[in-house]
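Tertiary structure, described
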Amino acid sequence: MATVVVATGNPGKLTELKDYLQTLDWTLALKPQDLEVEETGKTFIENARMKASEVAIATQNWAIADDSGLSVMALGGAPGVYSARYGHSDADRINRVLRELGDEPDRRAEFVCAIALARPDGTIALETEGRCPGAILTAGQGVGGFGYDPIFYVRSQGKTFAEMTPTEKEKYSHRGIAFEQLLPALKQLEMDI
Ligand code: IMP
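Residues numbered from 1 in each chain as written. Predicted model: local features only at pLDDT ≥ 70, side-chain atom pairs only at ≥ 80, totals over all residues. Heavy atoms only, no water.

**Focus on the pairing of strand β3 (residues 62-72)**
Of all 11 residues in β3, 10 are buried; the element is thus mostly enclosed. Two strands pair when backbone bridges link them, and strand β1 (residues 2-6) and β3 are joined in this way by 3 bridges, in the parallel orientation. Across the sheet, residue valine 5 finds its bridge partner in β3, namely alanine 63. Where β3 meets strand β4 (residues 108-118), 10 bridges bridge the pair, whose relative direction is antiparallel. What sits directly across from serine 71, in β4, is glutamate 110. (Buried < 20%, exposed > 50% of the residue type's maximum accessible area, 1.4 Å probe, protein only. Helix = DSSP H or I, 4+ residues; strand = E, 2+ residues; numbered from the N terminus. Pairing = 2+ DSSP bridges.)

**Focus: the pairing of strand β2 (residues 26-30)**
Here β1 runs beside β2; their pairing, made up of 5 bridges, is parallel. Its bridge partner being in β2, alanine 2 is matched across the sheet by tryptophan 26. For the crossover that starts at β1, traverses helix α1 (residues 11-20) and ends in the parallel β2, the hand is right-handed. (Right-handed = clockwise from strand over helix to strand, strands pointing away.)

**Things to note about α1**
Of the positions making up α1, those classed as buried are Leu14, Leu17 and Tyr20. Taken down its axis, α1 places every buried residue within 120° of arc, on the same side. In α1, the exposed positions angled more than 90 degrees off the buried face are occupied by Pro11 and Thr15. In this structure, the buried residues of α1 make contact with β1, β2, β3, α4 (166-172) and α5 (174-190). (Arc of directions from axis to C-beta. Contact = heavy atoms within 4.5 Å.)

**Topic: the environment of asparagine 95**
Mapped onto the secondary structure, asparagine 95 falls in helix α3 (residues 90-101). We classify asparagine 95 as partly exposed; its relative accessible area is 43%. Put simply, asparagine 95 and glycine 77 are 18 residues apart on the chain and 17 Å apart in space, counted from C-alpha to C-alpha.

**Points about the environment of aspartate 67**
The topology assignment puts aspartate 67 in strand β3. On the basis of relative accessibility, which here comes to 5%, the residue aspartate 67 falls in the buried class. With sequence-adjacent residues up to four places away left out, aspartate 67 is seen in contact with Glu39, Phe44, Asn47, Ala48, Lys51, Val81, Val112, Cys113 and Ala114. Reaching out from aspartate 67, the side chain makes a polar contact with the side chain of asparagine 47 at a distance of 3.1 Å. (Polar contact = N/O pair within 3.5 Å; in protein donor to acceptor, adjacent residues only side chain to side chain.)

**Brief notes about the site of the ligand**
Taken together, 14 residues lie near the ligand, and Lys13, Ser68, Asp149, Lys169 and Arg175 sit nearest. With respect to the ligand, the backbone of tyrosine 148 contributes an N or O atom lying 3.3 Å from a nitrogen atom. Histidine 174 has a polar side-chain atom sitting 3.1 Å from a nitrogen atom of the ligand. For the ligand, whose accessible area on its own is 490 Å², the fraction buried by protein is 86%. If you list the elements that add at least two residues to the shell around the ligand, you get β3 and α5. (Near = heavy atom within 4 Å. Areas by Shrake-Rupley, 256 points an atom, 1.4 Å probe, with all protein chains shown as cover.)

**Thoughts on the packing of α1 against α5**
One can describe the packing of α1 onto α5 by two numbers: an axis separation of 10 Å at closest approach and a directional angle of 50°. With respect to their mutual orientation, α1 and α5 come out oblique. The crossing of α1 and α5 is right-handed. Across the interface between the two elements, Glu16, Leu17 and Tyr20 of α1 pack against Arg175, Gly176, Phe179 and Leu183 of α5. (Axes fitted to C-alpha atoms, helices over the stretch in contact; angles between N-to-C directions. Parallel < 35°, antiparallel > 145°, perpendicular 65-115°, else oblique. Left-handed = near helix turned anticlockwise from the far one by under 90°.)

**Section: the packing of aromatic side chains**
For any pair of aromatic rings, the description consists of the separation of the ring centres together with the inter-plane angle of the planes. A complete count under the given rule lists 4 aromatic pairs for this structure. Where tyrosine 20 meets phenylalanine 179, the ring centres are 4.7 Å apart and the plane angle is 10°; that geometry is what we call stacked. Here phenylalanine 179 lies in helix α5 and tyrosine 20 lies in helix α1, a separation of 159 residues in the sequence. The residues tyrosine 20 and phenylalanine 179 share a single accessibility class, namely buried. Ring centres of phenylalanine 111 and phenylalanine 161 lie 5.4 Å apart, and the angle between their planes is 10°; this geometry places the pair in the stacked category. Linking phenylalanine 111 in strand β4 with phenylalanine 161 in the loop between β7 (159-160) and α4, this pair joins segments that are 50 residues apart in sequence. The class for phenylalanine 161 is buried, based on a relative accessible area of 1%. Taken together through their ring pairs, the aromatic side chains of Phe111, Phe152 and Phe161 make up a single cluster. (Phe/Tyr/Trp six-rings, centres within 6.5 Å; stacked < 30°, edge-to-face > 60°.)

As far as function goes, none of this settles anything; it's purely spatial.
Have a look at this one:
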């Protein structure tokens with residue numbers, strides 16, 4: 001059974017990844033705590049590649065990394081790769097997006113999740129980007145989820161991410177879509193690791 005290091009220090013993310021990758025015969029491990037990886041990329045996929053490569057080289061193991069965020073069309077793609085740093089709290093970040101959008105009629109947005117898998121030498125073996133299209137409401141709706149979930153409305157489901165059950169969000173979210181896209185290639189690769 002191969003060990004794949006998850007390029008995150010966040011145990012919550014490790015649990016989430018284990019869930020998405022439960023059909024694979026891998027042992028997932030957290031990256032060493034003292035190994036800091038900067039997110040200096042201009043795109044989600046650049047950040048995912050960078051994190052996976054650095055952690056793979058440092059640990060001499062296969063490594064998987066993801067990077068995600070919200071992209072609002074009328075804000076030129078913001079908050080984008082700055083999604084986590086757009087304010088000091090979830091409420092702060094939501095209010096900033098709502099303030100910047102104002103009464104702009106074009107409310108189109110998307111959540112993006114980029115995932116990259118690096119070999120022990122740091123080269124990228126697999127990568128993908130999952131996207132979930134939606135619209136930014138003028139006020140939050142729902143209490144589930146985290147981050148920007150209450151203001152992100154998914155038209156095809158008639159609800160926000162914060163109004164979805166965890167199972168629904170897993171299915172329709174950018175992260176769920178990205179893992180679904182990646183899974184067949186990951187299964188194939190499992191034989192070689
Ligand atoms: P990261 O992938 O952990 O760097 O996430 C970046 C940031 O994007 C998070 O801190 C959230 O603010 C936002 N984000 C990513 N995915 C979601 C989601 O599914 N719902 C709400 N916010 C999200």
